[in-house]
Amino acid sequence: MIDRERILNVEEHARQIRRDVVEMVYRTGDGHPSPSFSAADIIAALYFDLMRIDPARPAWEERDRFVLSKGHSCPALYAALARKGYFPPEELMTLRYIHSRLQGHPYAPKTPGLDATTGSLGNGVSVGLGMALAARIRKLDYRVYAITGDGELGEGLIWEAAMCAGHQKASNLTVFVDNNNYQSGGTVGEISGVYPIEEKWRDFGWDTQSIDGHDIGQILEAVEKARLVKDKPTAIIAKTVKGQGVSFMIGDNTWHKRVYTKAEYEQAMVELGGTV
Ligand SMILES: Cc1ncc(C[n+]2csc(CCOP(=O)(O)OP(=O)(O)O)c2C)c(N)n1
């Protein structure tokens, strides 16, 4: 049973992340809002509760690692990094500007606190597995977390990495599937035929769990369970909603990449408990 205080703390951070994303996309005129929102609760739980990290030491060898394989959701990750203290929150308003440290897709050498360069879909599970196996070789006990999209599961490289991770019993690797049932061009059900998702990971030798990806208690509990699995990596299939948190973004996949009008910005901020 997860302590109520922990849940409330992460929930407040998740709301702040969503408000930051709305503000960033509105002010800079670019970005992917609804893919950020479906992953926001998982990112908040990792950065504000679960991961062993220290913003004062971004290169600390024993830190846990995070790989945002669906890199286009980086506005949510940048918000988490800023609020965690890796760089000033004001810098969020430079999202996607030329020479900004916050590029349109995560570029690790540029952004303080970022562990992996991503954005070309399909790479993140391989990158995470490499980090996880490096920990074993170097006798370090850090853990690696990754988030992949469900449309992204159509990339073959995901399954090469899944097969190898299962074979290597990389139990320090945990992958969340952000199962919002959409990709950019429609639903994953109609386009990529990815279902059933959980069985596929299990067949590649992973421990699997299915959770509500917006229920902070379930996210925290799932990761705590994953830490106890000693001979397999864990895949957490997180049922999510693209745009979760703002009513008019839900069910409208044009918010995959779209900018708020002034009226939409104001309504979104009000719904997220912010001020305009
Ligand atoms: C290799 C590659 N192909 C295409 C794209 C363009 N692209 C960006 S987001 C996206 C859809 C991703 O869908 P999903 O993984 O389900 O993530 P969602 O945004 O729905 O959460 C695509 C095809 C890309 N970034 N990389």
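For the structure, check the block above.
Keep in mind that what you see is a predicted model, and the values were worked out from it rather than measured.

Parameters and conventions
- Residues numbered from 1 in each chain as written.
- Predicted model: local features only at pLDDT ≥ 70, side-chain atom pairs only at ≥ 80, totals over all residues.
- Heavy atoms only, no water.
- Buried < 20%, exposed > 50% of the residue type's maximum accessible area, 1.4 Å probe, protein only.
- Helix = DSSP H or I, 4+ residues; strand = E, 2+ residues; numbered from the N terminus.
- Pairing = 2+ DSSP bridges.
- Near = heavy atom within 4 Å.
- Polar contact = N/O pair within 3.5 Å; in protein donor to acceptor, adjacent residues only side chain to side chain.
- Areas by Shrake-Rupley, 256 points an atom, 1.4 Å probe, with all protein chains shown as cover.
- 1 Å grid on protein atoms, 1.4 Å probe; cavity = no way out; pocket = protein on both sides within 12 Å on 5 of 7 lines; lining within 4 Å.
- Sits in = over half its atoms within 2 Å of the grid points.
- Contact = heavy atoms within 4.5 Å.

**Regarding the pairing of strand S1 (residues 65-68)**
Thought 1: Residue alternation in S1 divides its side chains into two sets, Arg65 and Val67 and Phe66 and Leu68, and both sets are buried.
Thought 2: Note: S1 against strand S2 (residues 144-149), four bridges, orientation parallel. The residue bridging Leu68 from the neighbouring strand is Ile147, located in S2.

**With respect to the site of the ligand**
Thought 1: Around the ligand sit 17 residues, and of these Lys70, His72, Gly151, Tyr182 and Lys242 come closest.
Thought 2: At 3.0 Å, a backbone N or O of Leu121 approaches a nitrogen atom of the ligand.
Thought 3: Considering the ligand on its own, with 590 Å² of exposed area, one finds that the protein chains cover 76% of that surface.
Thought 4: According to the grid-proximity analysis, the pocket containing the ligand is the largest pocket.

**Here's the deal with the environment of Asp141**
Thought 1: The topology assignment puts Asp141 in the loop between helix H4 (124-137) and S2.
Thought 2: Looking at Asp141, the relative accessible area reads 53%, which means it is exposed.
Thought 3: For the pair Asp141 and Trp159, spaced 18 residues apart in sequence, the C-alpha separation works out to 25 Å.
Thought 4: Within polar-contact distance, the side chain of Asp141 engages the side chain of Arg52 at 2.7 Å.

**A short note on the side chain of His72**
Thought 1: Residue placement: His72 occurs in the loop between S1 and helix H3 (74-84).
Thought 2: Relative accessible area serves as the criterion here: at 12%, His72 is assigned to the buried category.
Thought 3: Not counting the four nearest positions on each side in its chain, His72 is found in contact with His32, Pro35, His105, Leu121 and His256.

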